[in-house]
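# Report on the structure
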Amino acid sequence: MPSRFLSWVFVLLLISLPLRAKSPELSKAVQEFVRVNAGKAVLTHVRIVDGTGAGAVEDQNVVIENGKIAAVQPGADVPADKSTAVLDLHGYTVMPGIVGMHDHLFYIVRPNLDSRRHFDDPVLVTQMTFSAPRLYLASGVTTMRTTGSVETYADLNLKRDIDAGKLPGPHLDVTGPYLEGAESYFLQMPHLTGPDDARQTVEYWADRGVTSFKAYMNITRAELKAAIDAAHKRGIKVTGHLCSVTYKEAAELGIDDLEHGFFVNTQLDTDKKPDVCSQSEGDETLARMDPDTPEAKDLINTLISHHVAITSTLPVFEGDLGVGRPLLRQQALEAMSPQSREDFFLLRQRPASAPAPKIDPALLWKHDLEMERAFVAAGGLLLAGPDPTGRGDVLPGFGDQREIELLVEAGFSPVEAIKIATLNGAVYLGKDKQIGSIAAGKNADLVVIKGDPSRQISDVENVEIVFKDGVGYDSRKVLDSVRGRYGQY
Ligand SMILES: [Zn+2]
């Protein structure tokens, strides 16, 4: 714990209720993690990266009152009083809470995984209802889309309990069950039997409080169209991790967002047949998608003219690159259960018998980064999320931070990368009046970081306090509560 914080002039944790009109009463379990919860708090002498893509502004005061950002002012010493917490944040940066747009609440289990990378069917998707929300919050995520649910009731009830102050976690945009076609690798997804089934599934879950949908790899165009129309009738957006439907087809059907950057577009795959997923699941297409080609330009134009966002999920592809990549962070390893840690090492260790990939992952990586840059340069809305699945090394929260770092590797400036991970998500969700950037009147969803991510992007990992609706959570304490749990529950 930095000594700076120990030098707070005065912090009063219990404040009379009328000052906290907005926040719900927090349960004991949540209060355990609270570091700042005063009617008014002032972050003094802090560097601001405001989430709009503007450059960092040195030495500012951020005034938080009743869960909102009341003012942003030039840095000054402020006297604390019994209703005001004052934090001296020399050397710190504050940025908006991350709006994570591919932030699952589950883990993928491969039964009986062994050193030859063999495992038994069926692959299972197990809920991380305990550990994932904590990892997200501790890492600076204050709003997130679940981007496909497996236990939808659990996710909806979790959202209710977080909003009621009973459990710790970010604000949730709960995505309904994956809208998947008849053929599927995943046993726990609905396997739609036709357009009518798609429409009914959307209506059923929208009636139960789901606020977004995600189409999956084997959905047909007719099913996707029926789902999009049913969702749009209720003002709900649809995203997709597609394969059977190409990006262009989906854009023309009215989809709102496409997951995984440009990695899973199948329009140039040689064996692509309508409504059927191709063998390479998009690798062939991306290998041919140099952004200077007419196909790439036409694709980007189509996406933008149909107002389709793209969600960048670089961390889940980074592992395919193999050598030269940073090791998994110690804190992330510590968050994993012993079993998930072992599985991660088994999957990382490429056995000699494993065939080399047909298409060089480094070429795909290069083309995707270039396409994401070209999409943004042409005016497209790029969103960010880690997709915490893969070989188990992409973790909730840590992965959101890594995504920001990889956007910088893609060529975005640090403040642009932070905008993609904050304000852009808020814009997509239609919540940019309330969240996504630092401005007076917005919700006080803020991340306090030691260092300066506008100069050194890896500083986004140095999260110390995460404010959600004006309540400051101690990142370390929240992380400690899930040590050794991720991959278990
Ligand atoms: Zn995913």
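Parameters and conventions
Residues numbered from 1 in each chain as written. Predicted model: local features only at pLDDT ≥ 70, side-chain atom pairs only at ≥ 80, totals over all residues. Heavy atoms only, no water. Helix = DSSP H or I, 4+ residues; strand = E, 2+ residues; numbered from the N terminus. Rg over C-alpha atoms; globule rule 2.2 N^0.38 Å. Buried < 20%, exposed > 50% of the residue type's maximum accessible area, 1.4 Å probe, protein only. Contact = heavy atoms within 4.5 Å. Areas by Shrake-Rupley, 256 points an atom, 1.4 Å probe, with all protein chains shown as cover. Lys, Arg positive; Asp, Glu negative; His and termini not counted. Charge placed at Lys NZ, Arg CZ, Asp CG, Glu CD. Disulfide = S-S within 2.5 Å. Donors = N, O, S within 2.8 Å, 3.2 Å for Na, K, Ca; no water. Phe/Tyr/Trp six-rings, centres within 6.5 Å; stacked < 30°, edge-to-face > 60°. pLDDT = per-residue confidence, 0-100. Salt bridge = Lys/Arg side-chain N within 4 Å of Asp/Glu carboxyl O. Pairing = 2+ DSSP bridges. Axes fitted to C-alpha atoms, helices over the stretch in contact; angles between N-to-C directions.

With that settled, consider the overall build of the protein chain. Each helix and strand in the protein chain was counted, giving 17 helices and 19 strands. For the protein chain, whose C-alpha radius of gyration is 22 Å, the value lies close to the compact-globule estimate of 23 Å for 489 residues. Every one of the 489 residues in the protein chain was classed for burial, and the buried ones make up 57%. At a minimum sequence separation of 6, the contacts of the protein chain that also span at least 24 residues come to 73%. In the form shown here, the protein chain has an accessible surface area of approximately 19,300 Å², with 53% of it arising from carbon and sulfur atoms. Taking the average location of the 51 positive side-chain charges in the protein chain and that of its 66 negative ones, the two points are 4 Å from each other.

Scanning the model with the defined rule gives one disulfide in all. Through a disulfide, C243 is tied to C277; the S-S separation comes to 2.0 Å. One disulfide, between C243 and C277, carries an S-S torsion of 80 degrees and so falls in the right-handed class. Here C277 lies in the loop between β14 (257-259) and α8 (283-288) and C243 lies in the loop between β13 (237-240) and α7 (247-253), a separation of 34 residues in the sequence. C243 gets classed as buried once you look at its relative accessible area, which sits at 0%.

On to the coordination of the zinc ion, then. Bound to the zinc ion are the protein donor atoms H102 (NE2), H104 (NE2) and D387 (OD), situated 2.1 to 2.4 Å from the metal. H104 gets classed as buried once you look at its relative accessible area, which sits at 2%.

Our next topic: the packing of aromatic side chains. As enumerated under the stated definition, the model contains 12 aromatic pairs in all. Both rings, one in Y247 and one in F262, keep their centres 6.2 Å apart while their planes meet at 40 degrees; by these two values the pair is tilted. A residue pair is termed long-range when its members are at least 10 positions apart, and Y247 in helix α7 and F262 in the loop between β14 and α8 qualify at 15 residues. Here the two residues Y247 and F262 agree in accessibility, since each one is buried. Measuring from centroid to centroid gives 4.9 Å for F344 and F345, while their planes differ by 45 degrees, and the two rings are tilted. Looking at F344, the relative accessible area reads 3%, which means it is buried.

The next thing to look at is the confidence of the model for the protein chain. Reading fine detail from the predicted coordinates is not recommended where pLDDT is low. Looking at the protein chain as a whole, its pLDDT mean stands at 94, while 95% of the residues score no less than 70. In this model, residues 1-21 is a region of pLDDT below 50 whose contacts with residues beyond four sequence positions or in other chains number 49 contacts.

This next bit is on the pattern of salt bridges. One pass over the full model with this rule turns up 24 salt bridges. Between R116 and D114 there is a salt bridge, with the nearest N and O atoms lying 2.6 Å from each other. The exposure class assigned to R116 is exposed, which follows from its relative accessible area of 57%. One network of salt bridges, with partners in common, ties together E318, R325, R402, E405 and E409.

Let us now look at the sheet that holds strand β11 (residues 171-173). Spatial strand order, β7-β10-β11: three strands in an open sheet with parallel pairing. Unpaired on one side and paired on the other, β7 (98-100) and β11 mark the two borders of the sheet. Along the sheet, successive strands turn relative to each other by an average axial angle of 15 degrees, direction set aside.

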